[in-house]
Amino acid sequence: MPTYNHTPLFCQDIFLSNLSLPGRGPLIWLALAYLLYFGQLGVLTPYLAMFLDGRGLTSVEIGQLLGLITLTRILGPNLWANLADRSGKCLRILQLGALLALVSFFVIFFADGFWGLTLCFGLIMMFWTAIMPQMEVITLNSVGGDAHRYSRIRLWGSMGFILLTISAGRLIDWFGTEVLLAICVSLLAALLLVSSRLREPQQVPDDTPHTGSIWSKINSPVFLGFILALCLLQVGFGPYNSFFTLYMKDLGYSGLQTGLLLSLGVVAEILIFLKAGRLIQRFGIKQMLLVSLVLTVIRWWVLARFAHFPGILILSQCIHAASFGLTHATAIQFIHRYFGRRFQSRGQALYVSLAGGLGGAIGNYAAGLLWNQGQGAEQTFIAAAMVVAVALLVIVLIPARKLQCEEIPRPV
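These lines cover the structure that appears in this document, whether it is placed above or below. The residue numbering used here restarts from 1 in each chain and proceeds along that chain's sequence as written. Whole-chain, interface and lining totals are the exception, using all residues; otherwise, since this is a predicted model, local features are given only for residues with pLDDT of at least 70 and side-chain atom pairs are given and counted only at 80 or more. For the side-chain quantities, the full set of heavy atoms in the structure was used; hydrogens and water were omitted.

Fitted lines through C-alpha atoms serve as axes, helices being fitted only where they are in contact, and the angles separating the N-to-C directions of these axes extend from 0 to 180 degrees. Put simply, DSSP H or I for four residues or longer makes a helix, DSSP E for two residues or longer makes a strand, and each gets a number counted from the N terminus. Two elements in contact, helix H11 (residues 238-250) and helix H13 (residues 285-306), have axes separated by 13 Å at closest approach and are oriented at 30°. Viewed along their axes, H11 and H13 adopt a mutual orientation that is roughly parallel. Note on packing geometry: the crossing formed by H11 with H13 is left-handed. Contacts between H11 and H13 pair Tyr 240, Phe 244 and Tyr 247 from the former with Arg 299, Trp 300, Leu 303 and Ala 304 from the latter. Residues that form the contact of H11 with H13 fall into these classes: six nonpolar, no polar and one charged. Relative orientations are named as follows: roughly parallel for angles under 35 degrees, roughly antiparallel for angles over 145 degrees, roughly perpendicular for angles from 65 to 115 degrees, and oblique for any other angle. Crossings are assigned a handedness: left-handed for a near helix turned anticlockwise from the far helix by less than a right angle, right-handed for a clockwise turn. Here, residues are in contact when the closest pair of their heavy atoms is within 4.5 Å. Each residue receives one of three labels: charged for Asp, Glu, Lys and Arg, nonpolar for Ala, Val, Leu, Ile, Met, Phe, Trp, Tyr, Cys and Pro, and polar for the others, Gly being one of them.

Empty pockets left among the atoms are what a rolling probe the size of a water molecule brings to light. Only protein atoms enter the 1 Å grid used here. Points where a 1.4 Å probe fits but cannot escape make up a cavity, open sets with protein on both sides within 12 Å along at least five of seven lines make up a pocket, and a residue lines them when an atom lies within 4 Å of a point. Grid points are joined across faces, edges and corners, and a volume is the space filled by probe spheres set on the points. For the structure on display, the rule yields three cavities of 30 Å³ or more. Roughly 1100 Å³ of internal volume is contained in the largest cavity. Surrounding the largest cavity, 48 residues form its lining, Leu 41, Thr 45, Arg 73, Gln 234 and Asn 241 being those nearest its centre. If one sorts the elements of the lining of the largest cavity by residue count, helix H2 (residues 24-54) sits on top with nine residues. Here the lining of the largest cavity is composed, by residue class, of 29 nonpolar, 15 polar and four charged.

Attention shifts here to the pattern of salt bridges. By salt bridge we mean one thing: a side-chain nitrogen of Lys or Arg within 4 Å of a carboxyl oxygen of Asp or Glu. Enumeration over the complete set of coordinates arrives at two salt bridges. Among the salt bridges present, the one from Arg 305 reaches Glu 378, with a minimum N-O distance of 3.2 Å. Here Arg 305 is found in helix H13, whereas its partner Glu 378 is found in helix H17 (residues 377-397), with 73 residues between them in sequence. For Arg 305, a relative accessible area of 38% translates into the label partly exposed. Relative accessible area decides the class of each residue, using a 1.4 Å probe on protein chains only: under 20% of the type maximum gives buried, over 50% gives exposed, and in between gives partly exposed. For Glu 378, a relative accessible area of 34% translates into the label partly exposed.

Our next topic: the nonpolar core. Take the buried Ala, Val, Leu, Ile, Met, Phe, Trp, Tyr and Cys residues and link them wherever side-chain atoms come within 4.5 Å; each set so joined is a nonpolar core. Counting residues in each nonpolar core, the largest one holds 138 residues, and the members touching the most others are Leu 52, Phe 105, Phe 121, Phe 226 and Tyr 351. The dominant element in this core, judged by the number of residues it contributes, is H2, at 19 residues. Those residues in contact with Phe 105, other than ones at most four positions away along the chain, are Gln 40, Leu 44, Phe 121, Ile 124, Leu 181, Cys 184, Val 185 and Leu 188.

Under the pairing criterion, centres of Phe, Tyr and Trp rings, with the six-membered ring standing for Trp, must be within 6.5 Å; the plane angle then separates stacked pairs below 30 degrees from edge-to-face pairs above 60, leaving the rest tilted. Going through the model one piece at a time under the given rule, you end up with 21 aromatic pairs. Ring plane angle 85° and centroid distance 6.3 Å describe the contact between Trp 174 and Phe 175, whose orientation is recorded as edge-to-face. For Trp 174, a relative accessible area of 58% puts it in the exposed group. For Phe 175, a relative accessible area of 58% puts it in the exposed group. Members of the aromatic cluster, each reached through a chain of ring pairs, are Phe 237, Tyr 240, Phe 243, Phe 244, Tyr 247, Trp 300, Trp 371 and Phe 381. Here, a charge over a ring means that NZ of Lys or CZ of Arg falls within 6 Å of the ring centre while also lying within 35 degrees of the ring normal. One Lys or Arg, Arg 299, reaches over the ring of Tyr 240 and ends 4.5 Å from the middle of that ring.

The next thing to look at is a nonpolar patch on the surface. For patch building, the residue pool is restricted to those with more than 30% relative accessible area and no salt bridge; the joining distance is 9 Å between like charges and 5 Å between nonpolar side chains (Val, Leu, Ile, Met, Phe, Trp, Tyr). Per-residue and other accessible areas were derived by the Shrake-Rupley procedure at a 1.4 Å probe size, with only the shown protein chains allowed to occlude residues. On the surface, a nonpolar cluster with roughly 480 Å² of combined accessible area is contributed by Leu 68, Leu 71, Trp 115, Leu 358 and Ile 362. Put simply, the parts of the chain that give the nonpolar patch at least two residues each are helix H3 (59-87) and helix H16 (344-371).

Along an α-helix, residues three or four positions apart point the same way, because every turn accommodates 3.6 residues. For a helix, the expected span equals 1.5 Å multiplied by the number of residues minus one. Here helix H4 (residues 90-105) spans 23 Å end to end across 16 residues, near enough to the 22 Å set by a 1.5 Å rise per residue. Among the residues of H4, those classed as buried are Cys 90, Leu 91, Ile 93, Leu 94, Gln 95, Gly 97, Ala 98, Ala 101, Leu 102, Ser 104 and Phe 105.

Looking now at helix H5 (residues 114-128). Between its terminal C-alpha atoms H5 stretches 21 Å, which fits the 21 Å expected from 15 residues at 1.5 Å a residue. Most of H5 sits inside the fold, with eleven of its 15 residues counted as buried. Considered for burial, the residues of H5 that qualify are Phe 114, Leu 117, Thr 118, Cys 120, Phe 121, Gly 122, Ile 124, Met 125, Met 126, Phe 127 and Trp 128.

Once that is clear, we can look at the environment of Leu 233. Mapping Leu 233 onto the fold places it in helix H10 (residues 221-236). The class of Leu 233 is buried, set by a relative accessible area of 1%. Residues Leu 233 and Ala 389, spaced 156 residues apart in sequence, show a C-alpha to C-alpha distance of 8.8 Å.

Shown next, in the form of structure tokens:
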């Protein structure tokens, strides 16, 4: 078991204090897996547009490429989750996805042009989608569905995002955007190694009713409303995920400053994860989603109009605590309660594919059309705020007790 001797004591208190379940070692390896997974996202999510810009793609081509590869998140998670639920081998599916993503990443060293890069990144994304839904299932089963303990483990992902975002920003300043390839290959190799230390979740008898199929759950108004709102939220994230780093560059911010701004958002995310479980338990799923969506509307509007003011930009980044951290923790709890153990892998996969995949693809593609080499930045973020406002209205219309899954027995 690693000792983390180089971790500051206050970090150990924050991140390890609630990993005191029997067999804490596997939970620590899970935390490290989250760190590496989201560290990879901390490199690709903010800087992929810069990498593609360095390879000569236009803003329209960048938006199209990001939209096309994001579409793989619709098919991929459901394919892998179906295999995981049928085989009961979540960990093996996770490891296979990490291995194939690592192998595919080497091809990018030799790929060029719009279609070559699209094909390579599409393959990587397809294999990458095998990882997170299985990791969520393993973690939630390891902590017994406890929202507070889950948030403590998930915090390590935020730490990884911060560390790699700042580091990648500085390395780009020094070596250029091609350095991202070496960073990503290293992180994927480390993730594959760490996954060998994880354990399959213990098989616990399903205590949810066995009447109906997964399709009856998918076709219910509460799930359709929930997934529509989360899909619209991800559409609103399109300009931020695709062009934030280029936006900051156009406004005169350096790579390091951009990395620090991105990391500030994740620090805010960490702080909310520390309290997310208790907030959800106290106020309920609907109230947390409403608060998060209201703040997200404000965030995109402020980013559109006042990003040239550093102080206001810093405040807008702090809202990431709600825009991503609180909405993610709340959504994961809803999916875990709503689908139960019988359909948990497919439930998590549906959330990833429909919200992150479909919503992300539409948001990235639309942002590319509106961005116009940076000339349409303000209009693009205002459009994002309007889309999230529609998501807010959808959540307002769903009864709170339905989102809380009060009529569904919760797993113990």
